[in-house]
Amino acid sequence: MERTRSFAATETSIEVKGAKLQTQAFGDPSSPPIILIMGMMASMLWWPDRFCEALAARQRYVIRYDQRDTGLSTHYPQGEPRYSFTDLADDAIAILDGYVLETAHVAGMSMGGAVAQEVALRHPRRVRTLTLISTSPLGVEGLPSSTEAYQEYSRSAEAIDWSNLEAIADFLRRETAMLAGTRHPHDPDAASTLIARDMARAPSFASATNHFTLVSEERPTRLQASDIKLPVLAIHGTADPLFPIEHEEAFTKVVRDARLHRVEGGGHEIHERDIGEIVQAIIDHTA
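Here the structure is a predicted model, which means the values were calculated and not measured. (Residues numbered from 1 in each chain as written. Predicted model: local features only at pLDDT ≥ 70, side-chain atom pairs only at ≥ 80, totals over all residues. Heavy atoms only, no water.)

1. A look at the overall build of the protein chain
No. 1: Secondary structure assignment for the protein chain yields nine helices and eight strands.
No. 2: The globule rule puts the C-alpha radius of gyration for 287 residues at 19 Å, and the 18 Å found for the protein chain is close to it.
No. 3: Along the first, second and third principal axes, the C-alpha set of the protein chain runs to 55 × 40 × 40 Å.
No. 4: Within the span of the protein chain, comprising 287 residues, buried residues form 56% of the whole.
No. 5: Long-range contacts, defined here as pairs at least 24 residues apart, represent 74% of the contacts in the protein chain between residues at least 6 apart.
No. 6: Carbon and sulfur atoms provide 50% of the accessible area of the protein chain, an area that totals close to 12,900 Å².
No. 7: Each charge sign in the protein chain was given a centre, from 28 positive and 40 negative side chains, and these centres are 6 Å apart. (Helix = DSSP H or I, 4+ residues; strand = E, 2+ residues; numbered from the N terminus. Rg over C-alpha atoms; globule rule 2.2 N^0.38 Å. Buried < 20%, exposed > 50% of the residue type's maximum accessible area, 1.4 Å probe, protein only. Contact = heavy atoms within 4.5 Å. Areas by Shrake-Rupley, 256 points an atom, 1.4 Å probe, with all protein chains shown as cover. Lys, Arg positive; Asp, Glu negative; His and termini not counted. Charge placed at Lys NZ, Arg CZ, Asp CG, Glu CD.)

Listed below in structure tokens is the structure:
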């Protein structure tokens, strides 16, 4: 039986355009690299440790990182992000440069999936494949809205006191429950532990709300998912309340080399019990 070498996760800070990006790498640096881009207000910790370790155990060099205004990366005054989606896309390339990688597989979840698409469209020669989890294609209109229940919950964010850490934690705990799927029971204790761990790392958690400003900006019309020429794997839960499954199905209609992997009953999440299935799909896609 072939023995699998174990590599401890290592952390590195990368400077880019006056900002610092905190990164963490898992696995053998000689393995094919995959960079993970997480979604709105979420640090790299929302890529589960076991998910990263499972990919690394399957001979992938896994790099996750804190986007601006999350975790240990640079934070900006609330309401003044001083960066754009384009900067976030360029950040991913700066991380490749920092790790001396010419190309990498790129995976993005939710808002991170929008960033990943922009990376592929602006820097196609640096991207091997795209994996897009629980996200929506750029430039495609007419897709269904979030569920009414999630929209009502989302509006409650306007009343949050973002200087009150307990109020923020309570909001995030309720959000994880709202985004959960129907296939597995929601684990509120695990969610609370992750939220506490995430908030403990961030010097200013309120500044993560700058991501709201980014997603409300007018997207450049010239950036269209239909212009992606790379292999795309769209992974989506069939019970996602934020982006109904039609969003991910749209990738197979507008991107020539795209395929869909449905997580039956999955929500807007990487559930602990779905990690094996999702990892296998990514391994097959990046082979």
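What follows continues from the structure just given.
2. Quick word on the environment of A114
No. 1: Turning to its location among the elements, A114 is positioned in helix α3 (residues 111–122).
No. 2: According to the relative accessible area criterion, A114 is buried, its value standing at 13%.
No. 3: Separated by 101 residues in the primary sequence, A114 and V215 place their C-alpha atoms 9.5 Å from one another.
No. 4: Beyond its immediate sequence surroundings of up to four residues, A114 is in contact with F85, T135 and L138.

3. Structural notes on the nonpolar core
No. 1: Ranked by internal contacts, the top residues of the largest apolar core, which has 45 residues, are I37, I95, Y99, V119, L130 and I228.
No. 2: Of all the elements, helix α2 (residues 85–98) adds the most residues to this core, at eight residues.
No. 3: Those residues within four positions of I37 in sequence are excluded, and the remaining contacts are W47, Y65, Q67, A92, V106, A107, G108, M109, G112, V115, A116 and V119. (Core = buried A, V, L, I, M, F, W, Y, C linked by side-chain atoms within 4.5 Å.)

4. Comments concerning the sheet that holds strand β5 (residues 104–109)
No. 1: Ordered by their spatial adjacency, eight strands build an open sheet running β1-β2-β4-β3-β5-β6-β7-β8, and the pairing between neighbours is mixed. Because the sheet does not close on itself, it has two edges, and the strands there are β1 (10–16) and β8 (258–263). Between one strand axis and the next, the sheet turns through 20 degrees on average, direction left out of account.
No. 2: Where α3 meets the sheet, its contacts fall on β3 (33–37), β5 and β6 (127–133), and the angle it forms with β6 comes to roughly 160 degrees.
No. 3: Each of β3, β6, β7 (232–237) and β8 is contacted by helix α9 (residues 275–285), which is oriented at about 165 degrees to β8, the strand it contacts most. (Pairing = 2+ DSSP bridges. Axes fitted to C-alpha atoms, helices over the stretch in contact; angles between N-to-C directions.)

5. What to know about the packing of aromatic side chains
No. 1: Counted according to the given criterion, the structure contains seven aromatic pairs.
No. 2: With 6.3 Å between their ring centres and 70 degrees between their planes, Y61 and Y99 make a pair best called edge-to-face. With Y61 in strand β4 (residues 61–65) and Y99 in the loop between α2 and β5, this pair connects stretches of sequence that are 38 residues apart. The pair formed by Y61 and Y99 is uniform in burial state, with each residue classed as buried.
No. 3: An aromatic cluster is built from Y150, Y153, W162, F171 and F212, whose rings are joined through pairwise contacts. (Phe/Tyr/Trp six-rings, centres within 6.5 Å; stacked < 30°, edge-to-face > 60°.)

6. What about the packing of helix α5 (residues 165–179) against helix α6 (residues 188–201)?
No. 1: Across the interface, α5 lies against α6 with an axial gap of 10 Å and an inter-helix angle of 140 degrees. By the angle between their directions, the pair α5 and α6 is classed as oblique. The handedness of the crossing between α5 and α6 comes out as right-handed. Of the residues in α6, those in contact with L165, I168, A169, L172, R173 and T176 of α5 are A191, S192, I195 and M199.
No. 2: Looking at side-chain class alone, the contact of α5 with α6 contains seven nonpolar, two polar and one charged residues. (Parallel < 35°, antiparallel > 145°, perpendicular 65-115°, else oblique. Left-handed = near helix turned anticlockwise from the far one by under 90°. Nonpolar A, V, L, I, M, F, W, Y, C, P; charged D, E, K, R; others polar.)

7. What about the pattern of salt bridges?
No. 1: Counted under the stated rule, the structure contains 15 salt bridges.
No. 2: With a closest N to O distance of 2.8 Å, R201 and D66 form a salt bridge. With R201 in helix α6 and D66 in the loop between β4 and α2, this residue pair connects regions lying 135 residues apart in the sequence.
No. 3: Residue R201 is classed as buried on the basis of its relative accessible area, which comes to 17%.
No. 4: Given a relative accessible area of 0%, D66 falls into the buried group.
No. 5: Here R126 makes a salt bridge to D97, at a shortest N to O gap of 2.8 Å. With R126 in the loop between α3 and β6 and D97 in helix α2, this pair connects stretches of sequence that are 29 residues apart.
No. 6: Sharing partners across several salt bridges, the network here consists of K17, D87 and D90. (Salt bridge = Lys/Arg side-chain N within 4 Å of Asp/Glu carboxyl O.)

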